[in-house]
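Chain residues, written in single-letter form:
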Amino acid sequence: DARVTQTPRHKVTEMGQEVTMRCQPILGHNTVFWYRQTMMQGLELLAYFRNRAPLDDSGMPKDRFSAEMPDATLATLKIQPSEPRDSAVYFCASGPGQGGLRPLHFGNGTRLTVT
Amino acid sequence: DQQVKQNSPSLSVQEGRISILNCDYTNSMFDYFLWYKKYPAEGPTFLISISSIKDKNEDGRFTVFLNKSAKHLSLHIVPSQPGDSAVYFCAANGGNNRKLIWGLGTSLAVNP
């Protein structure tokens, strides 16, 4: 059963450090999403790629966050420098076809704690 | 401003009874709606969807109803089982950018 793989599952780091989260989308899926889940905001969309091209990163704080897809099998989300308010669970999701018209498949998330 | 609202943060139901989870939306451009289920320490998994051209979609124990005039949808689970205990997210899609807009979720507890 194909699934989205995210690493690491947990990350604890100190404020100011760089954090890199990785995602391997399902083979053949051409859309990739990064979400952040917090108690107050629910699932916030950070970035959205189609065919490896960034289509929308309006939800991402540009000064410290960056998202890339170096190739079709890897998506990365970097935070530099990290801050305590970045503590959350970060989910990657992939989907076939046109974004939300097909159900997304989510990874199990990276739980980030910034102290 | 929440465009998709799940006004009940939590719901408790007895095993075997019906669970009804509600979702309201504000944007009349939304034309596709999905429900996802999420267990602790896992990512959301797709459960059921409905297009705005329909008012009902059924899949086994799960049925989603859409009332476009009221901008309201609901997920019915009959009969509820303890394994259904999870957080349920409603999401909507539509408009120019086709992004999914998510509700904050409803935590369902099905008691044996």
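The structure under discussion appears in the preceding block.
Counting from 1, residues in each chain are numbered in the order their sequence is written. All chains are assigned letters beginning with A, and all ligands numbers beginning with 1, in the order in which they are written. Side-chain atom pairs in this predicted model are given and counted only at pLDDT of 80 or more, local residue features only at pLDDT of at least 70, and totals for whole chains, interfaces and linings cover all residues. Where side-chain values are given, they derive from all heavy atoms of the structure, hydrogens and water being excluded.

Q: Quick rundown of the overall build of chain A? Include the residues and the values.
A: For chain A, the helix and strand inventory stands at 0 helices and 11 strands. Based on the C-alpha atoms only, the size of chain A along its principal axes is roughly 40 × 30 × 30 Å. Three exposure classes are used, based on accessible area relative to the maximum for each residue type with a 1.4 Å probe and protein chains only: buried under 20%, partly exposed in between, and exposed over 50%. Counting only residues that meet the buried cut, chain A has 46% of its 115 residues in that class. Note on definitions: a residue-residue contact is assigned when non-hydrogen atoms from the two residues lie within 4.5 Å. Partitioning the intrachain contacts of chain A with sequence separation of at least 6 by distance along the chain shows that 53% fall at a separation of at least 24. Approximately 5,800 Å² of chain A is accessible, and the part contributed by carbon and sulfur atoms is 49%. Secondary structure follows DSSP: runs of H or I at least 4 residues long count as helices, runs of E at least 2 residues long count as strands, and numbering of each begins at the N terminus. Per-residue accessibility takes into account occlusion by the displayed protein chains alone, with areas from the Shrake-Rupley method and a 1.4 Å probe.

Q: Account for the pattern of salt bridges, naming residues and giving values.
A: Residues and elements named next belong to chain A. Any Lys or Arg side-chain nitrogen found within 4 Å of a carboxyl oxygen on Asp or Glu counts as a salt bridge. According to the stated counting rule, one finds 7 salt bridges over all chains in the structure shown. Across the salt bridge formed by Arg 64 and Asp 86, the nearest N and O atoms sit 2.6 Å from each other. Of this pair, Arg 64 sits in the loop between strand E6 (53-56) and strand E7 (65-71) while Asp 86 sits in the loop between strand E8 (74-79) and strand E9 (88-95); the two residues are 22 residues apart in sequence, bridging distant segments of the chain. In this structure, Arg 64 and Asp 86 share a single accessibility class: buried. Bridged by salt links that share partners, the residues Arg 64, Glu 83, Arg 85 and Asp 86 form one connected network.

Q: Can you tell me about the state of the cysteines, naming the residues and giving the values?
A: To count as a disulfide, a pair of cysteine sulfur atoms needs to be within 2.5 Å. For the structure on display, the rule yields 2 disulfides over all chains. Put simply, Cys 23 of chain A and Cys 92 of chain A are joined by a disulfide, and their sulfur atoms are 1.9 Å apart. Here the disulfide of Cys 23 of chain A and Cys 92 of chain A is left-handed, its torsion about the S-S bond being about -60°. Taken together, the positions of Cys 23 of chain A in strand E3 (residues 19-24) and Cys 92 of chain A in strand E9 put the pair 69 residues apart, joining distant regions of the chain. Take Cys 92 of chain A: its relative accessible area is 0%, and that puts it in the buried class. The disulfide that involves Cys 23 of chain B links it to Cys 90 of chain B, with 2.0 Å between the sulfurs. Across the S-S bond of Cys 23 of chain B and Cys 90 of chain B the torsion is about -75°, and the bridge reads as left-handed.

Q: Describe the nonpolar core, listing the residues and the values that go with them.
A: Grouped together as the largest cluster of nonpolar side chains are 23 residues, with contacts concentrated most on Phe 33, Trp 35, Leu 73, Leu 75 and Tyr 88 of chain B. When residues of this core are traced back to their parent elements, those giving at least two are strand E3 (19-25), strand E4 (30-38), strand E5 (45-51), strand E7 (62-67), strand E8 (72-77), strand E9 (86-94) and strand E11 (106-111) of chain B. It is E9 of chain B that contributes the most residues to this core, 4 residues altogether. Leave out the neighbours within four places in its chain, and Leu 73 of chain B touches Leu 21, Asn 22, Cys 23, Tyr 25, Phe 33, Trp 35, Val 64, Phe 65, Leu 66 and Cys 90 of chain B. One finds Leu 46, Met 69, Leu 77 and Leu 112 of chain A within the second-largest nonpolar core, a separate group that totals 22 residues. Among buried residues, the Ala, Val, Leu, Ile, Met, Phe, Trp, Tyr and Cys ones that are joined through side-chain atoms within 4.5 Å form a nonpolar core.

Q: Just give me the short version of the interface of chain B and chain A, but keep the residues and values in it.
A: The interface of chain B with chain A comprises 16 residues on the first partner and 19 residues on the second. Approximately 1,600 Å² of surface area, both sides summed, lies buried where chain B meets chain A, with 60% of it carried by carbon and sulfur atoms. There are 0 salt bridges connecting chain B and chain A. Definition of a polar contact: a pair of N or O atoms within 3.5 Å, with one able to donate and the other able to accept a hydrogen when the atoms are protein atoms, and with sequence-neighbouring residues admitted only if both atoms are side-chain atoms. Connecting chain B to chain A are 4 residue pairs in polar contact (both at pLDDT 80 or more). Broken down by secondary-structure element, the contributors of at least two residues to the side of chain B that touches chain A are E4, E9 and strand E10 (100-102) of chain B. Tallied by class, residues from the side of chain B that touches chain A come to 10 nonpolar, 2 polar and 4 charged. Accessible area that two parts lose when put together, with a 1.4 Å probe and added across both, is what the buried area reports. In this count, Pro and Cys sit with the nonpolar residues alongside Ala, Val, Leu, Ile, Met, Phe, Trp and Tyr, while Asp, Glu, Lys and Arg are called charged and the others, Gly among them, polar.

Q: I'd love a proper account of unusual backbone geometry, names of residues and values included.
A: Residues and elements named next belong to chain A. Residues Thr 7 and Pro 8 are joined by a peptide bond in cis, for which omega reads -10°. The residue Pro 8 is located in the loop between strand E1 (5-7) and strand E2 (10-13) in this model. The backbone of Asn 51 shows a phi angle near 50°, a positive value even though the residue is not glycine. With respect to the secondary-structure elements, Asn 51 resides in the loop between strand E5 (42-50) and E6. The exposure class assigned to Asn 51 is exposed, which follows from its relative accessible area of 54%.

Q: Help me get a handle on a nonpolar patch on the surface, residues and values and all.
A: All names here are of chain B. Residues forming no salt bridge and having over 30% relative accessible area are the ones grouped into patches, like charges within 9 Å of each other and nonpolar side chains (Val, Leu, Ile, Met, Phe, Trp, Tyr) within 5 Å. On the surface, Ile 18, Ile 20 and Val 78 cluster together into a nonpolar patch covering about 220 Å² of accessible area. Checked against the element boundaries, Ile 20 lands in strand E3. The exposure class of Ile 20 is partly exposed, given its relative accessible area of 36%.

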